[in-house]
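# Report on the structure
Spelled out from the first residue to the last, the chains are:
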Amino acid sequence: MMKIGKTLTILFLVAGLFACNDDDNSVPFDVIGDVYVIKRTVNDEVKYANAYVAWGNQPLSHAEVTVPGGATITLNPASENQNIYAKEPTLAEYSTAAPVEGNYQFLVINEDITHESTDLLDFDNIAFTPISSADMDNNVLSVQWETNSAAEGYQIRLINQSGDLAFSSVALPKQMVRFDIGTNTASGAWYETPVAGNVYTIEFLTIRYEDDATSLDAVKNIQEIAVTEGEVTW
């Protein structure tokens, strides 16, 4: 049975660069709501699901999102300081149906005051990026991939045989076509020590940001992620 890693890790690995820890109440509260599509192959079918994130610069006590059509989805704390609430899709929530475009209305509560943020979801159905090779040499994994004109960034993750995240790179620029992963890799984080002989799933994320995203807020303005999978024996 296929395991799905925690895709929202892409947010938290980069989040340190855009810290949301302004707990000083002299700073006006602000929130950004982000809905984005995750595309992946599930049981040999291309399927889609939405992920939702509410970014606050101070702790939240509640967060929800109203989708086009009126249904409400409750988000859960996704950071220790409760500045980020999120919901990532379960395997059962992936569908062959195209995602619903339109405005997604986020509602959050900070210090008993309700705040709102709206995010527009466009769907371009970006292509998967083919992995050209994934080779081990001297305890270093070298991943190479083909160019993808739709890509605005990439991320590489390794998932262990239990379905847990073992490694996650930082967001990689669209110009890259190769990334080396070793135990001393600076541009990423290990969540466990890799074990020789163990099989890891490679999740290669092709990322498209919203049209008005900047280098300072791109992580909070993702529009689509297409996940290509492969395997490697460490």
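Rules used throughout
- Residues numbered from 1 in each chain as written.
- Predicted model: local features only at pLDDT ≥ 70, side-chain atom pairs only at ≥ 80, totals over all residues.
- Heavy atoms only, no water.
- Helix = DSSP H or I, 4+ residues; strand = E, 2+ residues; numbered from the N terminus.
- Contact = heavy atoms within 4.5 Å.
- Areas by Shrake-Rupley, 256 points an atom, 1.4 Å probe, with all protein chains shown as cover.
- Pairing = 2+ DSSP bridges.
- pLDDT = per-residue confidence, 0-100.
- Buried < 20%, exposed > 50% of the residue type's maximum accessible area, 1.4 Å probe, protein only.
- Polar contact = N/O pair within 3.5 Å; in protein donor to acceptor, adjacent residues only side chain to side chain.
- Lys, Arg positive; Asp, Glu negative; His and termini not counted.
- Salt bridge = Lys/Arg side-chain N within 4 Å of Asp/Glu carboxyl O.
- Axes fitted to C-alpha atoms, helices over the stretch in contact; angles between N-to-C directions.

## Some words on the overall build of the protein chain
The number of helices and strands found in the protein chain is one helix and 16 strands. By sequence separation, contacts in the protein chain at least 24 residues apart represent 64% of the contacts at least 6 residues apart. A total of about 11000 Å² of accessible surface is found on the protein chain, and carbon and sulfur atoms cover 47% of it.

## Looking at the sheet that holds strand S15 (residues 199-209)
Adjacent strands of a sheet form backbone hydrogen bonds with each other and so pair up, either parallel or antiparallel. Read across the sheet, nine strands follow the order S5-S6-S2-S1-S16-S15-S11-S12-S14 without closing on themselves; strand pairing throughout is mixed. Whereas interior strands pair on both sides, the edge strands pair on one side only; in this sheet they are strand S5 (76-77) and strand S14 (188-190). Note that strand S2 (residues 45-56) and strand S6 (residues 84-87) share four bridges and pair antiparallel. If you follow Val 53 over to S6, its bridge partner there is Ala 86.

## A look at the confidence of the model for the protein chain
Looking at the protein chain, the pLDDT average stands at 89 and 89% of residues meet or exceed 70. Note on residues 15-20: pLDDT under 50 across the span, and 12 contacts to partners over four residues away in sequence or across chains.

## Thoughts on the side chain of Ser 168
Along the polypeptide, Ser 168 turns up in strand S12 (residues 165-169). When its relative accessible area of 0% is taken as the criterion, Ser 168 is described as buried. A polar contact is formed between the side chain of Ser 168 and the side chain of Gln 155, at a distance of 2.8 Å.

## Details of the side chain of Asp 119
For Asp 119, the location among the structural elements is in strand S8 (residues 113-121). We note that Asp 119 is buried and unpaired, the nearest opposite charge coming from Arg 208 at a distance of 10 Å. Within the local environment of Asp 119, its side chain forms a polar contact with the backbone nitrogen of Val 35, the two atoms lying 3.0 Å apart.

## Focus on the environment of Glu 111
The topology assignment puts Glu 111 in the loop between strand S7 (102-110) and S8. Note: C-alpha distance between Glu 111 and Leu 60 (51 residues apart in sequence) is 7.6 Å.

## Details of the sheet that holds strand S4 (residues 72-74)
Spatially, S4-S3-S7-S8 is the arrangement adopted by the four strands of the open sheet, whose pairing is antiparallel. Strands with a single pairing partner mark the edges of an open sheet, and in this sheet they are S4 and S8. When the angles between neighbouring strand axes are averaged without regard to direction, this sheet yields 20°. The pairing of strand S3 (residues 62-66) with S7 spans five bridges and is antiparallel.

## Quick look at the environment of Ala 54
Among the secondary structure elements, Ala 54 is positioned in strand S2. For the pair Ala 54 and Ile 32, spaced 22 residues apart in sequence, the C-alpha separation works out to 5.7 Å. Aside from chain neighbours lying at most four places away, what touches Ala 54 is Val 31, Ile 32, Gly 33, Leu 60, Ala 63, Leu 75, Asn 83, Ile 84, Tyr 85, Phe 106 and Val 108.

## Digging into unusual backbone geometry
The phi angle at Asn 43 is positive, at roughly 50°, despite the residue not being glycine. For Asn 43, the position within the fold is in the loop between strand S1 (31-42) and S2. A relative accessible area of 63% places Asn 43 in the exposed class.

## Structural notes on the pairing of strand S13 (residues 178-181)
Here S13 shows a clear split, with Phe 179 and Ile 181 buried on one side and none of Arg 178 and Asp 180 buried on the other. In this sheet, S13 lies alongside strand S10 (residues 140-145) in antiparallel orientation, the contact comprising four bridges. Residue pairing for S13: Leu 141 is matched across the bridge by Ile 181.

## Notes on the environment of Asn 125
Along the chain, Asn 125 falls in the loop between S8 and strand S9 (131-137). Linking Asn 125 and Tyr 48, residues 77 residues apart in sequence, is a C-alpha distance of 9.4 Å. At 3.2 Å, the side chain of Asn 125 and the side chain of Tyr 48 are in polar contact.

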